[in-house]
Amino acid sequence: MPGPTSAAVDEILGELRAQGGRITSGRRAVVEILLASGDQHMNAERLVEAVRARLPDVAESTIYRTLTALEELGVVTHVHLGHGPASFHLNDLSHRHLVCRECGVVIDLPFGAFRDFAEAVELQYGFRLQDEHFAFSGLCRGCAELLPAEADGPAP
Ligand SMILES: [Zn+2]
Ligand SMILES: [Zn+2]
Ligand SMILES: [Zn+2]
């Protein structure tokens, strides 16, 4: 997908190259798909499928190693939205997540949404909250309306 994102793709590939990584077509595809996925919260498995839809011969290990290299560079981060595999994000899309335990909808919140809470926790407990690493689980508005009696209980 050439176009507005291709400069960003080249920049990221340049960083990989500067770290001594070889730029293969598989690596390029991983970066392009991650950039194009925007905020679809792709897990590694879906990413493998998407890369292979374009380049069927790319080894799964190449894709995983590329993700690891991108994470080490700080270009990509992952978030745990639920019990399944982690989802990958470009670091500049960093935001916080709410996940509905009933319907699985993911709601993105701006970066500062939990700032007051994080500051209070650090002040009181000396603990630095990493609120970007996991999603907050709960009930979305629609599900809460359908399940009023259950709204306070834990998931079964
Ligand atoms: Zn829901
Ligand atoms: Zn998100
Ligand atoms: Zn993690």
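Residues numbered from 1 in each chain as written. Chains lettered and ligands numbered in written order. Predicted model: local features only at pLDDT ≥ 70, side-chain atom pairs only at ≥ 80, totals over all residues. Heavy atoms only, no water.

Trainee: What should I look at first to understand the packing of aromatic side chains in this one?
Mentor: Here a ring pair, both rings aromatic, is described through the centre-centre distance and the interplanar angle of the planes. All chains considered together, the criterion is met by one aromatic pair. Judged by centre distance (4.2 Å) and plane angle (20 degrees), the ring pair of F114 and F136 falls under stacked. On the criterion of sequence distance, the pair formed by F114 in the loop between β5 (106–109) and α5 (115–125) and F136 in strand β6 (residues 136–138) is long-range, its members being 22 residues apart. By relative accessible area, F136 is classed as partly exposed at 30%. (Phe/Tyr/Trp six-rings, centres within 6.5 Å; stacked < 30°, edge-to-face > 60°. Helix = DSSP H or I, 4+ residues; strand = E, 2+ residues; numbered from the N terminus. Buried < 20%, exposed > 50% of the residue type's maximum accessible area, 1.4 Å probe, protein only.)

Trainee: Would you take a moment to explain the sheet that holds strand β4 (residues 96–100) for this structure?
Mentor: Either a parallel or an antiparallel arrangement is found when strands of a sheet pair, and the pairing is made through backbone hydrogen bonds. Pairing is mixed in the open sheet, where three strands are placed in the order β5-β4-β6. Taken across any chain shown, the strands that pair with only one partner, and hence form the sheet edges, are β5 and β6. If you compare each strand with its neighbour and ignore which way they point, the axes differ by 25 degrees on average. Pairing of β4 with β6, which is carried by three bridges, proceeds in the parallel orientation. From the neighbouring strand, V99 faces β6, where its bridge partner is S137. (Pairing = 2+ DSSP bridges. Axes fitted to C-alpha atoms, helices over the stretch in contact; angles between N-to-C directions.)

Trainee: Quick question: what am I supposed to make of the side chain of R27 here?
Mentor: For R27, the position within the fold is in helix α2 (residues 25–37). Buried charge R27 goes without a salt bridge, the closest partner of opposite sign being E72 at 8.1 Å. Setting aside anything within four residues of it in sequence, one finds R27 in contact with L13, L16, G21, R22, R65, T66 and A69. (Lys, Arg positive; Asp, Glu negative; His and termini not counted. Salt bridge = Lys/Arg side-chain N within 4 Å of Asp/Glu carboxyl O. Contact = heavy atoms within 4.5 Å.)

Trainee: Before we go on, may I ask you to explain the nonpolar core in this structure?
Mentor: Nonpolar side chains in soluble globular proteins tend to end up buried together. Within the largest apolar cluster, 24 residues are counted, with the highest numbers of intra-cluster contacts made by L34, L47 and L70. Elements with a contribution of two residues or more to this core: α1 (6–18), α2, α3 (44–54), α4 (60–73) and β3 (87–90). A total of six residues in this core trace back to one element, the largest contributor, which is α2. With near-sequence residues (within four places) excluded, L34 lies in contact with L47, L67, L70, V76, F88 and L90. (Core = buried A, V, L, I, M, F, W, Y, C linked by side-chain atoms within 4.5 Å.)

Trainee: Any chance you could explain unusual backbone geometry here in plain terms?
Mentor: Excluding glycine, most residues fall at negative phi; most peptide bonds, likewise, are trans. The backbone of H41 shows a phi angle near 50 degrees, a positive value even though the residue is not glycine. Looking at where H41 falls in the secondary structure, it is placed in the loop between α2 and β1 (42–43).

Trainee: Sorry, what's going on with the pairing of β3 here?
Mentor: Side chains on a regular strand alternate between the two faces of the sheet. Of the two faces of β3, the one carrying S87 and H89 and the one carrying F88 and L90 are both buried. Pairing between β1 and β3: two bridges, direction antiparallel. Paired with N43 across the bridge in β3 is S87. Two elements, strand β2 (residues 76–79) and β3, share four bridges in a ladder whose sense is antiparallel. If you follow V79 over to β3, its bridge partner there is S87.

Trainee: Looking at this structure, I do not really get the packing of α2 against α4. What am I missing?
Mentor: Pairs of packed helices are described in terms of their axes, by the angle between the two and the distance that separates them. Between α2 and α4, the shortest axis-to-axis distance is 9 Å and the interhelical angle comes to 65 degrees. Crossing hand, α2 versus α4: right-handed. Residues R27, V30, V31 and L34 of α2 pack against I63, R65, T66, L67, A69 and L70 of α4. For the contact of α2 with α4, the class distribution of residues is seven nonpolar, one polar and two charged. (Left-handed = near helix turned anticlockwise from the far one by under 90°. Nonpolar A, V, L, I, M, F, W, Y, C, P; charged D, E, K, R; others polar.)

Trainee: Please clarify how the environment of G21 should be interpreted in this entry.
Mentor: Tracing the chain through its elements places G21 in the loop between α1 and α2. According to the relative accessible area criterion, G21 is buried, its value standing at 19%. Discounting chain neighbours no more than four positions away, the residues touching G21 are L16 and R27.

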